[in-house]
Each structure stands twice: as structure tokens, then as C-alpha cells.
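Spelled out from the first residue to the last, the chains are:
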Amino acid sequence: DLTSCNITYTINNGTPVTYAWTGNLPSDFVDTVTLGTYTAVAGKIDNITMWVDSPNHVYDSAYYDDTLSVDIVTCNGTLQGEYTLGGATSDFTSMGQFLKTLEKCGIDGKVTLNILPGTYSESINFRQLAGMFTTYDTLIITSSTGDTSDVVFTGGVSLDNVQNIVISNITF
């Protein structure tokens, strides 16, 4: 039986918060523990990572199965209009973040993603968007300056089975 452990969590790699759990949990049973409150921001992706350690006040040598990490996408409706990517105050910090938000929240009409100057080492995979656009939906991804040399992606791009995506003024 489990009688104690530490439950630690972080939100967006912030300061870890630890809760010292005590109780009596038989093997293969479940307990519900409320660790705190969290307010999501619409249109942003937040990461919550949780882990347990010190079961019954002993070292756990099987630490590889003690961590859970989830990304939470909170939608305030479908994406529509113009967004920026790449700066500290931009709507999205990475293409992965933008694509995950688009996949979870959907698109309504024309969406333009203006990418700020920089070199981005991530690969771009549009496959998860296959079949989600109607004939009225268009995704335009472009350099915010209009200069092809200002935005460079070094990780490659995959456009399998997608439609209505326009990429302009970007170097791959």
C-alpha cells in the first residue's frame, strides 16, 4: 500500500510546487488529489507537468513512469484573421504551437500567419490538418516583412494531403 509520496507540478516550466500526499492507497487503486487552481488563457498553449517521488519515504528506482506532461489548448472560438509568430509579444512562439492551436480550435475563413524575421530550426508538418479546411478556409503563412531571406526554416516541411495553404516569402 502507498501511504505517502510527494506530488510536484509545474505550469509552463515555472516554479515547481510540491504537495506532500498522505493516506492509504492499496495497489491498483486510484485517488483524486486537488493540487491548486489554474486559469488558462484562450488561444495559448500551456504545459502542465506533474511527477511523483519518494513513495512511502523511499527512493523510487523506477522513476521513468512517474511523470505526466500535458499541453492544454484553450480555444476562444475558431482562428480567423491575422496572427504573428516569433517574438516575445507575438501570438505564437513556434510553428508547432500555432499548428497545435489550429488543429484544436479550427479555422473559419481566411487566416494569415505573419512570421517575424528569424531562423527557425523546427520542422513543419501540416499532415494533422488534412481534411479540416472547407473550400472557404485559407491559411496564408508569410514573412512579416515580405522578404524571403528574413524568415528561414531549416527543419523541412511536409504538405501531405492538405489544401488551401499558401506559403510565401519564406525560405526552406
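Going by the structure above, here's the rest.
What comes next concerns the included structure. Note that the structure is a prediction, hence the values are computed from the model and not measured. Position numbers for residues start from 1 in each chain and track the written sequence from start to end. Per-residue local features of the predicted model are confined to residues with pLDDT of at least 70, and side-chain atom pairs are confined, for both listing and counting, to 80 or more; whole-chain, interface and lining totals are unaffected and use all residues. Excluded from the side-chain calculation are hydrogens and water; included are all heavy atoms of the structure.

**A short note on the overall build of the protein**
- Per the convention used, a helix needs a DSSP run of H or I reaching at least four residues, while a strand needs a run of E reaching at least two, with both numbered from the N terminus. Helix and strand counts for the protein come out as 1 helix and 12 strands.
- Taking 2.2 N^0.38 as the reference for a compact globule, 172 residues should give roughly 16 Å; the C-alpha atoms of the protein span a radius of gyration of 21 Å, well beyond that estimate.
- Projected onto its principal axes, the C-alpha coordinates of the protein cover approximately 60 × 30 × 30 Å.
- Every residue pair with non-hydrogen atoms within 4.5 Å of one another is taken to be in contact. Pairs at least 24 apart in sequence give 70% of the contacts found in the protein among residues at least 6 apart.
- Of the roughly 10,100 Å² of accessible surface on the protein, a fraction of 50% belongs to carbon and sulfur atoms.
- Counted as positive: Lys and Arg. Counted as negative: Asp and Glu. His and the chain ends are not counted at all. Lys charges are placed at NZ, Arg charges at CZ, Asp charges at CG and Glu charges at CD. A distance of 11 Å separates the average location of the 5 positive side-chain charges in the protein from that of its 18 negative side-chain charges. Values of the radius of gyration come from C-alpha atoms, whereas the globule rule sets the reference at 2.2 Å times the count of residues to the power 0.38. Note that accessible areas follow from Shrake-Rupley with a 1.4 Å probe, and for residues the cover is restricted to the protein chains shown.

**Regarding helix 1 (residues 95–105)**
- Type-normalised accessible area, obtained with a 1.4 Å probe on protein chains alone, sets the label of each residue: buried when under 20%, exposed when over 50%, and partly exposed for intermediate values. Looking only at helix 1, the buried set comprises Met 95, Gln 97, Phe 98, Leu 99, Thr 101, Leu 102 and Cys 105.
- Residue Gly 106 follows helix 1 closely and has a positive phi angle near 90°.

**Some words on the pattern of salt bridges**
- A pairing counts as a salt bridge when a side-chain nitrogen of Lys or Arg comes within 4 Å of a carboxyl oxygen of Asp or Glu. Across all of its chains, the model carries 2 salt bridges by this definition.
- The closest approach of N and O atoms between Lys 100 and Asp 71, which form a salt bridge, is 2.8 Å. Taken together, the residues Lys 100 in helix 1 and Asp 71 in strand 4 (residues 67–73) connect sequence positions 29 residues apart.
- Relative accessible area serves as the criterion here: at 30%, Lys 100 is assigned to the partly exposed category.
- The residue Arg 127 makes a salt bridge to Asp 160 at a minimum N-O spacing of 3.3 Å. Separated by 33 residues along the polypeptide, Arg 127 in the loop between strand 8 (124–125) and strand 9 (138–143) and Asp 160 in the loop between strand 11 (157–158) and strand 12 (165–168) bring together distant segments of the chain.
- The class of Arg 127 is partly exposed, set by a relative accessible area of 44%.

**Brief notes about the packing of aromatic side chains**
- Only rings of Phe, Tyr and Trp enter the pairing, Trp through its six-membered ring, and a pair is recorded when the two centres are within 6.5 Å. The plane angle decides the type: under 30 degrees is stacked, over 60 is edge-to-face, the rest tilted. Per the counting criterion, the structure on display carries 4 aromatic pairs.
- Ring geometry for Tyr 120 versus Phe 153: centroids 5.0 Å apart, planes at 20°, classification stacked. Placement of the pair is Tyr 120 in strand 7 (residues 118–120) and Phe 153 in strand 10 (residues 151–153), with a sequence separation of 33 residues.
- Judged by its relative accessible area of 10%, Tyr 120 is buried.
- Using a relative accessible area of 1% as the deciding quantity, one classes Phe 153 as buried.
- In textbook terms, an aromatic cluster arises when at least three aromatic residues are bridged by ring pairs, as seen for Tyr 83, Phe 92 and Phe 98.

**Observations concerning the state of the cysteines**
- Note on disulfides: each one is a pair of cysteine sulfur atoms within 2.5 Å. Tallying each qualifying case throughout the model produces 1 disulfide.
- Between the sulfur atoms of Cys 75 and its disulfide mate Cys 105 the distance is 2.0 Å. The disulfide joining Cys 75 to Cys 105 has a torsion of about -90° about its S-S bond and is therefore left-handed. With a gap of 30 residues between them, Cys 75 in the loop between strand 4 and strand 5 (79–85) and Cys 105 in helix 1 connect regions that are remote in the sequence.
- On the accessibility criterion, Cys 105 (10% relative accessible area) is buried.

**A word on the sheet that holds strand 9**
- With respect to topology, 4 strands assemble into an open sheet ordered 5-6-9-12, the strand pairing being parallel. At either margin of the open sheet sits one strand with a lone partner, and together these are strand 5 and strand 12. Ignoring strand direction, the axes of neighbouring strands in this sheet form an average angle of 10°.
- Whether two strands pair comes down to DSSP finding at least two bridges between them. In the sheet, strand 5 pairs with strand 6 (residues 107–115) via 6 bridges, with the strands oriented parallel. The angle between two axes is taken between their N-to-C directions and runs from 0 to 180 degrees, where each axis is a line fitted to C-alpha atoms and a helix contributes only its stretch in contact.

These results come straight from atomic positions and should not be treated as a statement about function.
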